[in-house]
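# Descriptive structure summary
Here is what each chain is made of, one letter per residue.
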Amino acid sequence: MLPGVHLDTSDVSLKTVSSGSTIVLVTVLLSTLTFPLALTGASVALPDIQNDLDVDLTSAQWVVNSYNACFAAFLVSAGSIADAIGRRRVYTFGVGLFFVSGALCLLAQDITVLLALRTLGGIGAAAAVAGGSSMLALAFEGPARARAFGLLGTVLGAGTAFGPAVAGMLVENLGWRFAFAGPAVVAGLVLVLVTKVPVMRGNGQPVDWLGGALFTAALLTLIGGVVEGPSRSVPVFLGFMAVAAALFGVFVMVERRRAEPLVDIALLANRRFVAYALAAATFMSVLVPLLVYLPSYLINVVDLGPGASGLWMLFLTVPTLLLPTVGAELVNRLPHRVVVVGALLLLGVGVLGFTTLGPDATPWTVMLPFLLVGTGVGLTSGMIDGLGLSVVPPERAGTAAGVFNATRLSLETVSIAVVGAALAIFTGGVLGGPAFTEALHGVAVALAGFVLSVIVAVLALTRTPRSRDRVEQ
């Protein structure tokens, strides 16, 4: 489930929607495929962008950070807007904005223009994901809804698994701009299909604009400080952090006073919910930075082409597509905390194995650490969302899904920025040579330490009986 998926269907004619449920499913699944491609495509294209546009590493990193930060920040409020003014309307706007921004990247000759287009693409992706998931929730009921969201997860997994390989081939054969134009072509097809989707009117409820603005400003300020602060000065960095902390503080105070808050802060008192949300965020906070920066290492240090680097990345990504059903079976047979902590251990050991990477890397030397990280993520994909929602009352599942995914996306975005800033500092802004290898090894040790701290936290948070840990109605 994604932020903004509310299961109240009172404002929509179910008969009308059901008659078009197939076209809703096909449309949403097709658009969903494009969003991970837009992220992984940028990661494969980074070296060529830096060389072609003659920019430093910090500027190039914003090609990834601007998209992901806006995706995460706007996704929190996009669901509420979709509920209020209409799901198809918000979805169409989002896909359209994603299409236009991606297509215009073909014309980008300047880093400022490219970053502006990537920012618009992130906003469009947020609107499309929130609107699309809401449409699925309304178009299907009961087991059919579960199957529809299962397919949604499978498509996201496929986009993540094969995105680096597809992007690598596009970049190698057509140039880096097609890493963004390729997903835009798919979005163009979606715009044709969406005209057949039934209209889903909004419920007219007020949108928490203030909460959405505060959260968006806080997250973007935090990301800006992480990326720009270290390259400027300590006072600048601390200033960004102070402003971000103040904005988050005001956001919490505002949300506590709302009758229908954008984010239900009370859920953070549920220890098991927090444990599973933290674990879910950790898996993505390790995997996604590796997806973003490993292609640059394979291209610049190991001396692979974009296409070959994408193929090597399949060791890391394919398990995320193949193993979710295995994880679901394990959680039915073993204690939940055992499965989650076991997957975290695989993740930590795998990322620590990245300290052995060097210029002489071969597919056989990278296979084990890549597979271990991918296995840890794959075993918990989807399953951990279900665990998180199982410890809250059913009537609060929609709100809990929003908080769960907001936590995951926010920490993932911060992690990308932190890893990128660390690499920029320790390589002097040049992703190549021995400095890049040493920096990558340092990042791997830091990520492994982070995973270990999360394992300790999950064990502490899940040690109490489940009955004591449910949120009071």
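Further up the page is the structure itself.
This write-up is about the structure you can find in this document. (Residues numbered from 1 in each chain as written. Predicted model: local features only at pLDDT ≥ 70, side-chain atom pairs only at ≥ 80, totals over all residues. Heavy atoms only, no water.)

For the rest of this paragraph, the subject is the side chain of Ser21. Residue placement: Ser21 occurs in helix H2 (residues 21–52). Since its relative accessible area comes to 14%, Ser21 is described here as buried. Beyond its immediate chain neighbours, meaning those up to four positions away, Ser21 contacts Ala139 and Phe140. (Helix = DSSP H or I, 4+ residues; strand = E, 2+ residues; numbered from the N terminus. Buried < 20%, exposed > 50% of the residue type's maximum accessible area, 1.4 Å probe, protein only. Contact = heavy atoms within 4.5 Å.)

This part covers the packing of H2 against helix H4 (residues 87–104). Geometry of a packed helix pair, given as the angle between the helix axes and the separation of the axes. Here H2 crosses H4 at 40 degrees, and the two axes come no closer than 12 Å. By the angle between their directions, the pair H2 and H4 is classed as oblique. You can see that H2 and H4 cross each other, and the crossing is left-handed. Facing H2, whose interface residues are Thr27, Val28, Ser31, Thr34, Phe35 and Ala38, H4 presents Tyr91, Val95 and Phe98. Residues that form the contact of H2 with H4 fall into these classes: six nonpolar, three polar and no charged. (Axes fitted to C-alpha atoms, helices over the stretch in contact; angles between N-to-C directions. Parallel < 35°, antiparallel > 145°, perpendicular 65-115°, else oblique. Left-handed = near helix turned anticlockwise from the far one by under 90°. Nonpolar A, V, L, I, M, F, W, Y, C, P; charged D, E, K, R; others polar.)

For the rest of this paragraph, the subject is the pattern of salt bridges. Counting across every chain of the model gives two salt bridges. When the shortest N-O distance is used, the salt bridge between Glu329 and Arg333 registers 2.7 Å. On the criterion of helical spacing, the pair formed by Glu329 and Arg333 is a turn pair, its members being four residues apart in helix H13 (residues 324–333). Using a relative accessible area of 38% as the deciding quantity, one classes Glu329 as partly exposed. (Salt bridge = Lys/Arg side-chain N within 4 Å of Asp/Glu carboxyl O.)

Let us now look at the packing of aromatic side chains. Counted according to the given criterion, the structure contains eight aromatic pairs. Judged by centre distance (5.4 Å) and plane angle (55 degrees), the ring pair of Phe215 and Phe251 falls under tilted. Here Phe251 lies in helix H9 (residues 234–256) and Phe215 lies in helix H8 (residues 209–232), a separation of 36 residues in the sequence. Judged by its relative accessible area of 4%, Phe251 falls in the buried class. Grouped by ring-pair contacts, the aromatic residues Phe35, Tyr67, Phe71 and Phe98 constitute a single cluster. (Phe/Tyr/Trp six-rings, centres within 6.5 Å; stacked < 30°, edge-to-face > 60°.)

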